[in-house]
Amino acid sequence: MKSYFDCVVIGAGVAGMTSAIYLKRYNINVLLLEKSAPGGQITKTPKVENYPGFTSIDGASLALSIYEQVNNLGIEYRYGNVLKIENKEEKIIYTETEEIHAKAVIIATGRKPRKLGLENENQLVGRGISWCATCDGMFYKDKEVAVVGGGNSALEESLFLSTICKKVHILYRGENLRADLSLQEKVKQISNIEIHYNTIVTKLNEENNVLKEILVLENGAENKLSVDGMFIYIGFEPDTKIFEDLDIKLDNDYIVVNNHMETSLKGIFACGDIIKKDLYQLTTAIGEGSLAAYHVKNYLYENDD
Ligand SMILES: Cc1cc2nc3c(=O)[nH]c(=O)nc-3n(C[C@H](O)[C@H](O)[C@H](O)COP(=O)(O)OP(=O)(O)OC[C@H]3O[C@@H](n4cnc5c(N)ncnc54)[C@H](O)[C@@H]3O)c2cc1C
């Protein structure tokens, strides 16, 4: 099946939905494509407390209200797992069942936190397991938490958590942390941070579906840590499969954009967590979504034939 749009937005997370809302309000013929349920990553967290306008809201409700806006505007929304994009005079987007032609594309496919691969890890997300101390740290005020990882993110977030939590255990599988030395020095001076080297998490024990205890192998010996929260910083994974055939500029698998949200390819824009940037949050993703739409509108006007 073939169809034609002025702009196709790939990914209905907050960034993609925002782009689609702005494009529709610019009266642009837009299609929003999503391979799963709308909402993206934020649907995985039960509490968002740093999104302006809401003291506290669960991620799924926030995503749903943006999706309602998409629906109310009559934006064409389709299920579709994008497998490939071709950058010809027109952009051609291939899903498992469709070939969609567009004058412009916005890639808003986000990213996924890397997991440890433990049995009940998925069920405990938002119930003790988190990937975002900025977002969820306050839920563990005066409690004991673990941070898995030894890079800059793990240590920066440990420093932040140490100002809120009673104790922070850094669990790192290697002998030498990977973070910048200055950061390592800072962490080592904080009295409520304990670094566990050569430590691998082997099991997550829960009580009433909430994380209660972590079993670890520390220097080869079994150990138990009673913690209320565990923050995992072993990296995020942007899905680069759909760009494999596109000669698009990437930096560590993230798409490089300029401040118009333009990628290295004319007519292909990107926004949200898929782009290379400093802060991966709702507010930035939403801002970039609206900017991408604004510049797509200008691009379409300039290239109108
Ligand atoms: C557990 C957790 C808690 C968080 N808490 C907060 C918080 O409290 N405050 C805050 O500001 N931020 C928080 N964040 C970060 C925030 O969720 C993200 O920065 C934001 O949601 C990114 O939005 P996005 O639209 O760029 O990407 P995503 O949310 O990742 O959405 C991308 C969408 O694209 C779809 N997609 C991917 N590939 C394809 C394809 N090939 N074809 C079609 N569709 C595709 C995906 O299914 C997904 O729906 C949290 C993140 C996590 C994981």
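The coordinates are above.
Just so we're clear, the structure is a prediction, and the values are computed from it rather than from any experiment.

Participant: Help me understand the overall build of the chain, please; the structure alone is not making it clear to me.
Facilitator: Helices and strands together make up the secondary structure of the chain, namely six helices and 19 strands. Against the 2.2 N^0.38 benchmark of 19 Å for 305 residues, the chain shows a C-alpha radius of gyration of 21 Å, consistent with a compact globule. For the chain, the spread of C-alpha atoms along the principal axes amounts to about 70 × 35 × 30 Å. Within the chain, buried positions represent 51% of all 305 residues.

Participant: Looking at this structure, I do not really get the site of the ligand. What am I missing?
Facilitator: If you check the shell around the ligand, you find 30 residues, and the closest are Glu-34, Gln-41, Asn-50, Cys-135 and Asp-273. Note that a nitrogen atom of the ligand is positioned 3.2 Å from one of the backbone N or O atoms of Lys-35. Between the ligand and the protein, one listed contact pairs an oxygen atom with a backbone N or O atom of Tyr-280 at 3.5 Å. A total of 1,000 Å² of accessible area belongs to the ligand in isolation, and the protein chains cover 95% of it. Split by residue class, the shell around the ligand holds 13 nonpolar, 13 polar and four charged.

Participant: Explanation requested: the sheet that holds strand β13 (residues 210–218) in the structure shown.
Facilitator: Strand pairing within a sheet occurs via backbone hydrogen bonds; the two strands may be parallel or antiparallel. Within the open sheet, the three strands sit side by side as β12-β13-β14. Their pairing is antiparallel. Single-partner strands in this sheet number two, and they are β12 (199–207) and β14 (221–226). Ignoring which end each strand starts from, the neighbouring axes of this sheet average 25 degrees apart. Bridge analysis of β13 against β14 gives six bridges, and the strand direction is antiparallel. Bridged to Glu-218 within β14 is Ala-221.

Participant: Would you take a moment to explain the sheet that holds strand β8 (residues 129–130) for this structure?
Facilitator: Spatially, the five strands line up as an open sheet ordered β8-β15-β9-β10-β11, and their pairing is parallel. Strand pairing shows two members of the sheet lacking a second neighbour, β8 and β11 (193–196), which therefore form its edges. Of the pairings in the sheet, the one linking strand β9 (residues 144–148) to strand β15 (residues 229–232) comprises four bridges and is parallel in character. Residue Val-145 lies in a different strand from β15, and its bridge partner there is Gly-229.

Participant: Any chance you could explain helix α2 (residues 59–72) here in plain terms?
Facilitator: In an α-helix, one full turn covers 3.6 residues, which means residues spaced three or four apart are oriented alike. In this model α2 runs 20 Å from its N-terminal to its C-terminal C-alpha over 14 residues, within 8% of the 20 Å that 1.5 Å per residue would give. Buried within α2 we find Gly-59, Leu-62, Ala-63, Ile-66, Tyr-67 and Val-70. All buried residues of α2 lie within an arc of 135 degrees about the axis, which places them on one face of the element. Among the structural elements, α1 (14–25), β2 (30–34), β3 (76–79) and α6 (282–302) are those in contact with the buried residues of α2. Two residues or fewer after α2 comes Gly-74, characterised by a positive phi angle close to 70 degrees.

Participant: Even after reading the chapter, I still don't get the pairing of strand β10 (residues 167–171), so can you show me in this structure?
Facilitator: When you tally the buried positions in β10, you get four out of five residues, the bulk of the element. As paired strands, β9 and β10 are joined by five bridges and run parallel to one another. Its bridge partner lying in β10, Val-148 is registered against Leu-171. For the segment spanning β9, helix α4 (residues 152–162) and β10, crossover handedness is right-handed. Direction of pairing for β10 relative to β11: parallel, over a ladder of four bridges.

Participant: Honestly, the state of the cysteines in this entry has me stumped. Any pointers?
Facilitator: Counted according to the given criterion, the structure contains one disulfide. Disulfide pairing is shown between Cys-132 and Cys-135; the S-S distance is 1.8 Å. When the S-S torsion is 65 degrees, as for the bridge of Cys-132 with Cys-135, the disulfide is right-handed. A relative accessible area of 17% places Cys-132 in the buried class. The exposure class assigned to Cys-135 is partly exposed, which follows from its relative accessible area of 23%. Free cysteine: Cys-165, not disulfide-bonded; nearest cysteine sulfur from Cys-132 at 13 Å. Under the relative-accessibility criterion, Cys-165 is labelled buried at 5%. Left unpaired, Cys-271 is separated from the closest cysteine sulfur, that of Cys-7, by 9.6 Å.

What counts, and at which threshold
- In this numbering scheme, every chain counts its residues from 1 along its sequence in written order.
- Only residues with pLDDT of at least 70 are given local features in this predicted model, and only at 80 or more are side-chain atom pairs given and counted; all residues enter the totals for whole chains, interfaces and linings.
- The side-chain values count all of the structure's non-hydrogen atoms but skip hydrogen atoms and water molecules.
- Put simply, DSSP marks the helices as runs of H or I at least four residues long and the strands as runs of E at least two long, and each gets a number from the N terminus on.
- Both definitions apply: the radius of gyration is a C-alpha atom measure, and the globule rule equals 2.2 Å times residues to the power 0.38.
- Type-normalised accessible area, obtained with a 1.4 Å probe on protein chains alone, sets the label of each residue: buried when under 20%, exposed when over 50%, and partly exposed for intermediate values.
- Definition of nearness: a residue and a molecule or strand are near each other if at least one heavy atom of the residue lies within 4 Å of the molecule or strand.
- Identification of polar contacts relies on pairs of N or O atoms within 3.5 Å, with a donor-acceptor requirement for protein atoms, meaning one able to donate a hydrogen and the other able to accept it, and with residues adjacent in sequence counted only if both atoms are side-chain atoms.
- Accessible areas in this description were obtained via Shrake-Rupley with a 1.4 Å probe; residue shielding takes into account the shown protein chains only.
- The classification used treats Ala, Val, Leu, Ile, Met, Phe, Trp, Tyr, Cys and Pro as nonpolar, Asp, Glu, Lys and Arg as charged, and all other residues, Gly among them, as polar.
- Think of it this way: DSSP has to see at least two bridges between two strands before they count as a pair.
- An axis is simply a line fitted to the C-alpha atoms; with a helix, the fit covers only the stretch in contact. Between two such axes, the angle follows the N-to-C directions and lies from 0 to 180 degrees.
- To estimate how far a helix should reach, multiply one less than its number of residues by 1.5 Å.
- As used here, the arc belongs to the directions running from the helix axis to the C-beta atoms.
- Throughout, a contact is declared for two residues whenever any of their heavy atoms are within 4.5 Å.
- Orienting the strands away from the viewer, one traces the path from the first strand over the helix to the second; a clockwise path indicates a right-handed crossover.
- The disulfide criterion is simple: two cysteine sulfur atoms within 2.5 Å.

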